[in-house]
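Inside the fold
Here's the letter readout for the chains.
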There are 2 protein chains.
Amino acid sequence: MTIDTAGPLNANGVPLPPPEAQVLKNGLPSTLPDIDPSRLTIIRAAVLKFLPEANTLVFGEVPTDHMLYMDFSPDHGWSPPQIRPYGPLNLDPASSCFHYCPNVFEGLKAYLGPDGTPRLFRPQLNMERMVRSAERVALPPFNADALLILIKRLVALEARWIPRARGCSLYIRPTLIGTRPSLGVSASRHAALYVILSPTGPYIRDKDGKGISLLAMSDQVRAWPGGTGGFKLGLNYAPGFAAQRTAAALGYQQLLWLLGETVAEAGAMNVFAVFERTDGALDVVTPPLDGTILPGVTRASVLSLLSHTPLTAALPQLPTDVRLHTAERTLTMSELFAAAGAGTLREVFCVGTAAVVIPATRIGWQRRGGGSADAEVQDIVLPVVGGEGSLAHALWERLVDIQEGRIEWEGWGVPCDVAVA
Amino acid sequence: MTIDTAGPLNANGVPLPPPEAQVLKNGLPSTLPDIDPSRLTIIRAAVLKFLPEANTLVFGEVPTDHMLYMDFSPDHGWSPPQIRPYGPLNLDPASSCFHYCPNVFEGLKAYLGPDGTPRLFRPQLNMERMVRSAERVALPPFNADALLILIKRLVALEARWIPRARGCSLYIRPTLIGTRPSLGVSASRHAALYVILSPTGPYIRDKDGKGISLLAMSDQVRAWPGGTGGFKLGLNYAPGFAAQRTAAALGYQQLLWLLGETVAEAGAMNVFAVFERTDGALDVVTPPLDGTILPGVTRASVLSLLSHTPLTAALPQLPTDVRLHTAERTLTMSELFAAAGAGTLREVFCVGTAAVVIPATRIGWQRRGGGSADAEVQDIVLPVVGGEGSLAHALWERLVDIQEGRIEWEGWGVPCDVAVA
C-alpha cells in the first residue's frame, strides 16, 4: 500500500471546502482547517488478523488491524482523518522526522470494563500533553478534543483486541512527526499524525512480589534545565539506549536517571520514595516538575490518591492506621543511601502507563562517574518490595481497578461509547 | 516505488552467502556482514531531472536523481548497497526513528575541481564522526571506509549536479535511522542507511560584507554535560526550532546557544571570537570540545590553519604582520560584552559545512531568562564584519580555495576518482 504524505489524503475529493475560521498557532495561519472528526473515513481491512494469546504478549510487538492517520500541510491544514488498515508510511528521505527529530508521542491504554465497554484512563491529560509537546518542537497545533474523539472511534473499532485478563490492556500510541521534505534546519510546517494500537500484558505482576532493579546513572544525563525532559518527545529516549545496555551488562533492568546526584526519572517512569518517620508516619516523596521530569499521568494520579481525604477511601488496601505525608521535592542519592543505612527507607517504586506501579528491588550507584562494567557499584536493597501492606501494592490494585472500570473514581475512567461508522 | 525496509534488499538473491568474520559491536554479533562496496548495484533513473539554475538554489530543497541505500537487520547484517532513483522510504509506523529518534546524520559537500573531478573535503572526519554518533544512540556499527567508497561513487554518478560557481557545491547528507518495528523502549537493532544529495549555493556571500545576527539564548539549552551535544544526532536539532522562531521574531537570524552564560554553538555552527591585545596581537578563542559542542570539521580545519607555521602560508590573505594566539577555552557572554565595551572585541564568526565561515554582525542577549518578544535585549555590534583584512574573510577564501581544489593543502581535498559501474 502506498500512502501519499505530501498533502491531505483527499478522501473526500479536492479541493477542500473553504475552511472555517480556526485559531491555530506555532507560526502557522489561523485560517487552516483543524482536525475534523466529522470528516472521518474508515477503510476496513479486507482480512482481519488472528488475535495473539494473552500470555504471549510482548509490549509493542503486535499491531492491530487498523490505524488512524491524518496529515498537515501549511497550504491545506489538517487533512480529513482516516482509519485504514495498518501499514507502512511512505516518506520523503529528506523528511524532518529523520534528520531533526521533531517527533512527539503519547502512551495510554484502553481497558475492557465490566460492561464490555472499552475505557480510557484520563485521556485528556495525554491529549493536552501532546499539544504542549508539539508546541515545544514547533510542530503544527491541533485540537486535542477532536483527536480524542477519533481515538475513541479507533479503539471502539478494535475492541476485540483488548485483552480481558486483569492487568492486560490495549496500548495506544498517538504519534506526531515532522514531514517537511527539505534539509534546511528549521521547524517542520508539514506533519503526519497517526495512532497505532498494540495489545499488551502486565509489565510485571506486582502480586508475584517482583520488581525491577535500577542502576543510577550520572555520567550520562537524560534531561536538564532548559531542555526537553518535561515533554513527551521521541528525542528524549534514544540517548538512553547505550546506557540501558550498560545497565543490563551490570545486571540491572532499568536506569535511574540523575542530574548530579539528584534523582530524576527511572527508565521511562516517574519515581517515588517512601521514608519512615520516628513516629511511624510515612514520607512519600517524588521529584518536582521542574522541567526535567516528565509530567506523568500515573504520577499525577498517584499524587491525587495519596492526598485524598480520607485516605482509606482512595486506597482501601492500606492499613487503616497509615499516616502519609506526600511531597514533591528534590530527592538525592545521598539521601536514599543514608535512609537505607538508617533503616528508614521503606519503599522505592516507579510509576508509568506501561507498568502502572512497580516496586524497585535494589538500586545501584557508582558515586563517581564510570558506567564501565568494572567500576564499583554500591547497592541499596529495598526492605519492602510490593506485596500486601506496601504502598506500591495498594496503588497498583487501586489504579488497575479504576482503569479497568471496576471502580468509578473522579471521572478518571472515560468510556469509548462512540458509534463506529 | 515501494521499498521493503524489513530486511536486506536481496538485490543479488537470498539467502546471503556465509558472512566473513567481521568485528561488529554495539551489542550485535561479530559475524554479520559489514557494508560491502563490491556488492553495490545501481538502478538508474529512467528520466533525469532538469538542473536548477544556480542562483535559485535553496539549501536542501532539491534532491538529485539518485540516492544510496542499504539497511541492517540483526539476522542478515548490512544489505548489499544500492544506488537507485531518489524516492520515498517505506517504513513501519512503529519504527524507532519516529518514536525514539535514534537518528544520525552527517553533512559534507562535493566541489568541482579545476580538472573537472568532483572533490570532497576531509570526508574521513565525517565518516568517523558518524560511526561515533551511531554508537552513542546504540545503532548498528558500520565500516566508515566502505561508506566513503560508496559516497564517492554516488557523487561521481551525480557529478552533473555539482554547481560550478564559486562557493556553490553539492551538499551530501548521509543518514542513519533506527527502523526496529516495535514500540518497546530499547535500542534499535534494525537500521537504514541512506545518502541523499542536493545542490546548494553559498550560504551568504562573505564578499558582500554581510553576516548574520545572533540571539544568545540561555533560558533554553541545546546541550549539557553527559548529553549528546558532541554527536551529530538529529535529536539535537528539533529542540531549537521554537527558540529559532523567537529569535526571528526579535529580528535575529540565528541562535547563539549558551550554558548559563558560557557560549556553546551558534545555530548549527561552531563559534570563534577575536580579541585584540594591547600590543596589537589577536586572541582567537573557540569553546573547547567538552561534550556539549559539536566537533565540527570546519572548526578543526580553522584551528589547523590558525596554528600553522608560518601563518602566512596557511592564510595568505591576512596582513603579513598579524600575530595570532589561538585557544580552545571557555568563552562567556560577560567577556564578550566587556570586550565590546572596551573596544577590544574585533570579530565573532561562525564556522560550519553549510556556511564555511560567516561573520556575526551583532549579538543580542537577554541577561535574565526571558525569550519573550517584550524582554529587553542588549546588543553587541561587531566592528569588523568580514571583508578584506578580517580573519573571517581570510579563512573563508582559503577554505573555499582548498575545497574547490584550486589549492592542495595537507590532503584535505579528496577526489572522487572512482569508476561509476
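Predicted model, so just to flag it, every value in this text is computed and none were measured. (Residues numbered from 1 in each chain as written. Chains lettered and ligands numbered in written order. Predicted model: local features only at pLDDT ≥ 70, side-chain atom pairs only at ≥ 80, totals over all residues. Heavy atoms only, no water.)

**Topic: the relation of the copies chain A and chain B**
Laying chain A over chain B is done by rotating through 180° and shifting 0.0 Å along the axis; what remains is an RMSD of 0.0 Å. Between the two chains, the operation in question is that of a two-fold axis. An overlap of 98% is found between the interface residues of chain A and their copies at the interface of chain B, pointing to a shared contact surface. (Least-squares fit on C-alpha atoms with pLDDT ≥ 70 in both. Contact = heavy atoms within 4.5 Å.)

**Let's talk about the packing of aromatic side chains**
In the structure shown here, the tally under the stated rule is 24 aromatic pairs over all chains. Aromatic side chains F121 of chain A and W412 of chain A sit 5.8 Å apart centroid to centroid with 90° between the ring planes, which places their arrangement in the edge-to-face category. Here F121 of chain A, found in strand β8 (residues 118-121), pairs with W412 of chain A, found in the loop between α8 (391-403) and β20 (413-415); they are 291 residues apart in sequence, far enough to count as distant. For the residue pair F121 of chain A and W412 of chain A, the accessibility class agrees, reading buried in each case. By the ring-pair criterion, three or more aromatic residues cluster together here, those being F98 and Y194 of chain A together with F98 and Y194 of chain B. The positively charged end of R362 of chain A is found above the aromatic ring belonging to Y252 of chain A, 4.3 Å away from the centroid. Residue placement shows R84 of chain B over the ring face of Y69 of chain B; its charged tip is 4.1 Å from the ring centre. (Phe/Tyr/Trp six-rings, centres within 6.5 Å; stacked < 30°, edge-to-face > 60°. Helix = DSSP H or I, 4+ residues; strand = E, 2+ residues; numbered from the N terminus. Buried < 20%, exposed > 50% of the residue type's maximum accessible area, 1.4 Å probe, protein only. Lys NZ or Arg CZ within 6 Å of the ring centre and 35° of its normal.)

**Structural notes on the nonpolar core**
In summary, soluble globular proteins display a tendency toward joint burial of nonpolar side chains. By size, the foremost hydrophobic cluster in this structure holds 126 residues, and its most contacted members are F98, L147 and L176 of chain A together with F98, L147 and L176 of chain B. Residues contacting L147 of chain B, with those up to four places away along its chain left out, are I35, L68, M70, M127, M130, F142, L193 and V195 of chain B. (Core = buried A, V, L, I, M, F, W, Y, C linked by side-chain atoms within 4.5 Å.)

**A short note on the packing of helix α5 (residues 297-306) of chain A against α8 of chain A**
Residues and elements named next belong to chain A. The interhelical angle for the contact between α5 and α8, taken along N-to-C directions, is 105°, at an axis separation of 11 Å. As far as their axial angle goes, α8 and α5 are roughly perpendicular. Judged by residue contacts, T298, S301, V302, L305 and L306 of α5 engage L391, L395, R398 and L399 from α8. In terms of residue class, the contact of α5 with α8 is built from 6 nonpolar, 2 polar and 1 charged. (Axes fitted to C-alpha atoms, helices over the stretch in contact; angles between N-to-C directions. Parallel < 35°, antiparallel > 145°, perpendicular 65-115°, else oblique. Nonpolar A, V, L, I, M, F, W, Y, C, P; charged D, E, K, R; others polar.)

**Regarding the domain arrangement of chain A**
Residue and element names in this part refer to chain A. Taken domain by domain, chain A comprises domain 1 (25-200) and domain 2 (212-403). Between domain 1 and domain 2, the contact holds 22 residues from the first and 24 residues from the second. Three residues stand out in domain 1 for area buried against domain 2, namely F121, R129 and R166, and they jointly supply 31% of the buried area on that side. Applying the counting rule to domain 1 against domain 2 returns 10 residue pairs in polar contact (both at pLDDT 80 or more). Looking at which element gives the most residues to the side of domain 1 that touches domain 2, the answer is helix α2 (residues 123-136), with 6 residues. (Domains from an automatic or database assignment. Buried area = accessible area lost by both parts, 1.4 Å probe. Polar contact = N/O pair within 3.5 Å; in protein donor to acceptor, adjacent residues only side chain to side chain.)

**Notes on helix α4 (residues 241-249) of chain A**
Within α4 of chain A, burial applies to F241, A242, A243 and A247 of chain A. Where α4 of chain A is buried, its residues meet β11 (212-217) and β12 (254-259) of chain A together with α2 (123-136) of chain B. Phi for G251 of chain A, located one or two positions after α4 of chain A, is positive at around 90°.

**Some remarks on the confidence of the model for chain A**
Residue and element names in this part refer to chain A. Residues of chain A with pLDDT of at least 70 account for 89%, and the chain-wide mean is 89. Segment residues 1-24: pLDDT under 50, and 55 contacts once partners within four positions in sequence are set aside and those in other chains are kept. Among the scores for the predicted complex, ipTM is 0.91 and pTM is 0.91. (pLDDT = per-residue confidence, 0-100.)

**Here's the deal with the interface of chain A and chain B**
Contact with chain A, which involves 60 residues of that partner, is made by 61 residues of chain B. When residues of chain A are sorted by the area they lose upon contact with chain B, F98, F241 and R245 of chain A head the list and together hold 14% of the total. The interface formed by chain A and chain B holds 27 residue pairs in polar contact (both at pLDDT 80 or more) in total. Among the secondary structure elements, those contributing two or more residues to the side of chain A that touches chain B are β5 (89-91), α1 (96-99), β6 (103-105), α2, β9 (169-178), β10 (191-200) and α4 of chain A. Looking at which element gives the most residues to the side of chain A that touches chain B, the answer is β9 of chain A, with 4 residues. Here 3 bridges tie β5 of chain A to strand β5 (residues 89-91) of chain B, and the two strands are oriented antiparallel to one another. When the bridges of β5 of chain B are listed, N90 of chain A appears paired with N90 of chain B. (Pairing = 2+ DSSP bridges.)

**Focus on the UniProt feature "modified residue: N6-(pyridoxal phosphate)lysine" (unreviewed entry) in chain A**
All names here are of chain A. Mapped onto this numbering, the UniProt entry annotates "modified residue: N6-(pyridoxal phosphate)lysine" (unreviewed entry) at K232. In this fold, K232 is placed in the loop between β11 and α4. For K232, a relative accessible area of 9% corresponds to the buried category. Contact partners of K232, with chain neighbours within four places excluded, come to V104, F105, E106, R129, S133, Y237 and L294. (UniProt positions renumbered as here; feature names shortened; annotations may be inferred.)

**So, the pairing of strand β18 (residues 356-365) of chain A**
Residues and elements named next belong to chain A. Of all 10 residues in β18, 8 are buried, a share of seventy percent or more. When β11 meets β18, the two strands line up parallel, connected through 5 bridges. Residue A216 lies in a different strand from β18, and its bridge partner there is W365. By the bridge criterion, 4 bridges tie strand β17 (residues 345-352) to β18 in an arrangement that is antiparallel. By the bridge assignment, F349 is partnered in β18 with P359. Hairpin connection from β17 to β18: 3 residues lie between these consecutive antiparallel strands.

**Quick notes on unusual backbone geometry**
Cis geometry marks the peptide bond from T309 of chain A to P310 of chain A; its omega dihedral reads -5°. Note that P310 of chain A resides in the loop between α5 and α6 (311-314). For C101 of chain A, which is not glycine, the phi torsion reads 60° and is therefore positive. On the secondary structure map, C101 of chain A appears in the loop between α1 and β6. One non-glycine residue, V356 of chain B, lies in the positive phi region at around 65°. By secondary structure assignment, the location of V356 of chain B is in strand β18 (residues 356-365).

**Some words on the environment of P316 of chain A**
Here P316 of chain A shows up in the loop between α6 and β16 (324-328). Sequence separation of P316 of chain A and E261 of chain A is 55 residues, and the distance between their C-alpha atoms is 35 Å.

**Comments concerning the environment of Q403 of chain A**
All names here are of chain A. Here Q403 lies in helix α8. A residue is classified by how much of its surface remains accessible, and Q403, at 4% relative accessible area, is buried. Sequence separation between Q403 and S198 is 205 residues; the distance between their C-alpha atoms is 17 Å. If near-sequence neighbours (up to four positions away) are discounted, Q403 is found in contact with Y111, R119, F121 and V356. For Q403, the side chain forms a polar contact with the side chain of Y111, separated by 3.3 Å.

**A few points about the pairing of β17 of chain A**
All names here are of chain A. Among the 8 residues of β17, 7 are classified as buried, and the element is accordingly described as predominantly covered. Bridge count between strand β14 (residues 270-276) and β17: 6 bridges; the pairing is antiparallel. Note that in β17 the partner of N270 across the bridge is V351.

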